[in-house]
Structures are given as structure tokens and as C-alpha cells.
Amino acid sequence: MRGESYQNAPATEVTGERVTTQPDIWDEMKGLRDMVIEQREKLRTMEGRVTTCEGEVETQKNTVMDLRIQLMVTKAKVAELEKDDAALEARLSASERELTTTRNDVEELKRQNTDRPKVAFSAAGLKDKGPIGPFNTDNNLVYTKVITNIGKAYSPITGAFTAPVRGVYYIRFTAAQYGLGYMGISMLKNGQATMSNYHYNSHGYWIHLSNGVILELEEGDVVYMRLPASYRLYDNSYNQNIFSGFLLFTV
């Protein structure tokens, strides 16, 4: 025991009057080894942290790349939407122009309709009831029952329609006859026959004639109906004989 204590004791060196103690080299080496191990552990920890950071950086790079791609897609969508918006704006502007034009046209038509003379007439009821004719001479027909007379251009006294303005008119009639014999009727303009219609009633019951014509009339022109000589009509209270007309447009 005493010998071992002596061997493990630090070496001493006597130099003159001083004594120097030298450290144990193994303890120093152990300490250095522990330091190296500790540094290695720290290095491993730092390497792990660096690896983790690198992974996070790579993840962030991928995220940034994804965001850039999304941004590019979004920009493309925005550009497409801007194009669509521009197209819609153009269509809206065109529709607004068309609407304005249509409104102007409607207003112009309203103005023209307001300014245009309104002429329409319809009259029935011949002056005589029952058989009318035959006569030895032509007889002008007078329709005394005024149904419509807008513009006051028809006279129930003379039976004539007088054009109040220059224009194109539609004039028509319906004539009736009852009993055996010839029926006939003529339309005249300023004393000249425009058309004449005739029919023979062979069975003795009601027959009717209807016709119409479009006439270009000057202001003051006169249109009326006439019963030709030797022909007959028949009338009663049921408006079977009618004389009508209206202005189509002015010229």
C-alpha cells in the first residue's frame, strides 16, 4: 500500500532549495479527450441545426417558388379579366349607344305621329231604307249614320269624303241587295269612276259586294259612292251598306 501511494504520487524534483510538482499527463490527456468529445457533440448539434436550417431554407425556397407561380397565374387571370372587362365595357358602350339611338328614333316617331294628320272615317245607313233604285239616272249615295269621323273629312250631308291633306288613302265599301235583280255600285274621285262593281241576284236573298282601293289624293280631292242608273241596292237598320277610309301616310 505504501509502495502504490508512492508510485501514484506526482513526481517531484528538488532543485536547490525549491521543490517542483509536475502534473499527471494522463489527467491532461483525459481532459483534452473530454473537450474533444464535447466539441464533437457540439459540432454534431450544430451540423444538425444547420441541416435543419438548410431544409427549412429549401422549404422556404419551394414555398417562394410556389408563390411566384401562383402570382404569375393570378396576374394572367387578372389580365384575362381585364380583357373581359374591356370587352364588356365595349359591349355596354355599344348597347348604350344603340339604346340612345332607339330612344331618339322613338321620340322622332312620337313627334311624327303627333304632327301627322289623323284621318279616318266610317259611315253607314243610306238615306233611304228598303229598296233603293233602280233609277233612270245615276244617283250619289249619302251615308247618314256616322260611325267614325276622325279629322271631320266625311260629310253625312253630301256623302263625300274630302281629303284634308295630300297623301295616300285606303278607301273601301260594302253594298247590299235583297230581291231579284241587278245590283251595282261605283266609287268616284272628283267625278271620275275609280271602280265599279255589279252583280245579278238570281235567288232573291241577301247578297253583298265589298271592295277597296288605295288612292293617292291631293288636298281637296273628293271621293264618294254612286248608284248607277238601272241598278239597285237594299238597306235597313243593320249597317249593311258601309263607306269607309283612312289616311295611310302623307306625301
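Within each chain, residue numbers correspond to sequence positions counted from 1 in written order. Only residues with pLDDT of at least 70 are given local features in this predicted model, and only at 80 or more are side-chain atom pairs given and counted; all residues enter the totals for whole chains, interfaces and linings. Heavy atoms from the whole structure form the basis of all side-chain values; hydrogens and water molecules are not counted.

**Examining the packing of aromatic side chains**
Any pair of Phe, Tyr and Trp rings, taking the six-membered ring for Trp, is counted once the centres come within 6.5 Å. Such a pair is stacked with planes under 30 degrees apart, edge-to-face with planes over 60 apart, and tilted for the rest. Applying the stated criterion across every chain, the model contains 13 aromatic pairs. Relative to Phe243, the ring of Phe121 has its centre 5.1 Å away and its plane inclined at 70 degrees; by these criteria the two rings are edge-to-face. Within this pair, whereas Phe121 is found in strand S3 (residues 120-126), its partner Phe243 is found in strand S14 (residues 242-250), the two being separated by 122 residues in sequence. Working definition: with a 1.4 Å probe on protein chains only, accessible area under 20% of the residue-type maximum means buried, over 50% means exposed, and in between means partly exposed. Given the relative accessible area of 0%, Phe243 is considered buried. Seen in terms of ring centroids, Phe161 and Tyr169 are 5.6 Å apart; in terms of plane orientation they differ by 65 degrees. Their pairing is edge-to-face. Grouping residues by exposure puts Phe161 and Tyr169 together as buried. What links up through ring pairs into an aromatic cluster is the set Phe121, Tyr143, Tyr154, Phe161, Tyr169 and Phe243. In DSSP terms, a helix is any run of H or I states spanning at least four residues, a strand is any run of E spanning at least two, and both are numbered starting from the N terminus.

**Let's talk about the pattern of salt bridges**
Salt bridge, as used here: a side-chain nitrogen of Lys or Arg that lies within 4 Å of a carboxyl oxygen of Asp or Glu. Considering all chains together, one arrives at 7 salt bridges under this definition. For Arg33, the salt bridge identified is with Asp34, shortest N-O distance 3.9 Å. Notably, a salt bridge pairs Arg166 with Glu216, separated by 3.6 Å at the nearest N-O pair. With Arg166 in the loop between strand S7 (161-162) and strand S8 (167-177) and Glu216 in strand S11 (residues 207-217), this pair connects stretches of sequence that are 50 residues apart. Given the relative accessible area of 46%, Glu216 is considered partly exposed. Connected through shared salt-bridge partners, Arg166, Glu216 and Glu218 make up one network.

**What to know about the UniProt feature "coiled-coil region" (unreviewed entry) in the protein**
With numbering aligned to this structure, UniProt lists the feature "coiled-coil region" (unreviewed entry) at residues 64-112. The span residues 64-112 carries 100% helix and 0% strand; its end-to-end C-alpha distance comes to 70 Å. UniProt positions are given in the numbering used here, feature names are shortened, and annotations may be inferred rather than shown by experiment.

**Re the nonpolar core**
In these notes, a set of buried Ala, Val, Leu, Ile, Met, Phe, Trp, Tyr and Cys residues joined through side-chain atoms within 4.5 Å is what counts as a nonpolar core. If you look at the biggest cluster of nonpolar residues, it comprises 30 residues, and the most contacted ones within it are Tyr143, Phe161, Ile171, Met187 and Leu233. Examining the composition of this core, we find that 5 residues originate from one element, S11, more than from any other.

**Comments concerning the sheet that holds strand S6 (residues 143-150)**
One key point about sheets: their strands pair by backbone hydrogen bonds, in either a parallel or an antiparallel sense. Pairing is antiparallel across the open sheet formed by 5 strands, whose spatial order is S6-S3-S14-S8-S11. This sheet does not close on itself; its edge strands, each paired only once, are S6 and S11. Averaged over all neighbouring strand pairs, the angle between strand axes comes to 15 degrees, with direction disregarded. One requirement defines pairing of two strands: DSSP has to find at least two bridges between them. Note: S3 against S14, 5 bridges, orientation antiparallel. Among the inter-strand pairings, Ala120 is bridged to a residue of S14, identified as Phe246. Each axis is a line fitted through C-alpha atoms, and for a helix only the stretch in contact is used; angles between axes span 0 to 180 degrees, taken between their N-to-C directions.

**Points about a nonpolar patch on the surface**
Each patch is built from residues lacking any salt bridge and having more than 30% relative accessible area; the joining distance is 9 Å for like charges and 5 Å for nonpolar side chains (Val, Leu, Ile, Met, Phe, Trp, Tyr). Only the protein chains shown count as cover for residues, with accessible areas throughout obtained via the Shrake-Rupley method and a probe of 1.4 Å. On the surface, Ile214, Phe246, Leu248, Phe249 and Val251 cluster together to form a nonpolar patch covering roughly 430 Å² of accessible area. Sort the elements by how many residues they give to the nonpolar patch and S14 lands first, with 3 residues. In this structure, Phe249 sits in strand S14. A residue is classified by how much of its surface remains accessible, and Phe249, at 41% relative accessible area, is partly exposed.

**Topic: a negative patch on the surface**
Charge convention: Lys and Arg are scored as positive, Asp and Glu as negative, and His as well as the terminal groups of each chain are ignored. To locate a charge, take atom NZ for lysine, CZ for arginine, CG for aspartate or CD for glutamate. A cluster of like negative charges, contributed by Glu80, Glu82, Asp84, Asp85, Glu89 and Glu96, occupies part of the molecular surface. Looking at Glu96, the relative accessible area reads 44%, which means it is partly exposed.

**Points about the environment of Tyr200**
Residue placement: Tyr200 occurs in strand S10 (residues 192-201). Distance in space between the C-alpha atoms of Tyr200 and Arg166 is 37 Å, their sequence separation being 34 residues. In what follows, residue pairs with any heavy atoms lying within 4.5 Å of each other are defined as contacts. The contacts of Tyr200, once residues within four sequence positions are left out, are Gly181 and Tyr182.

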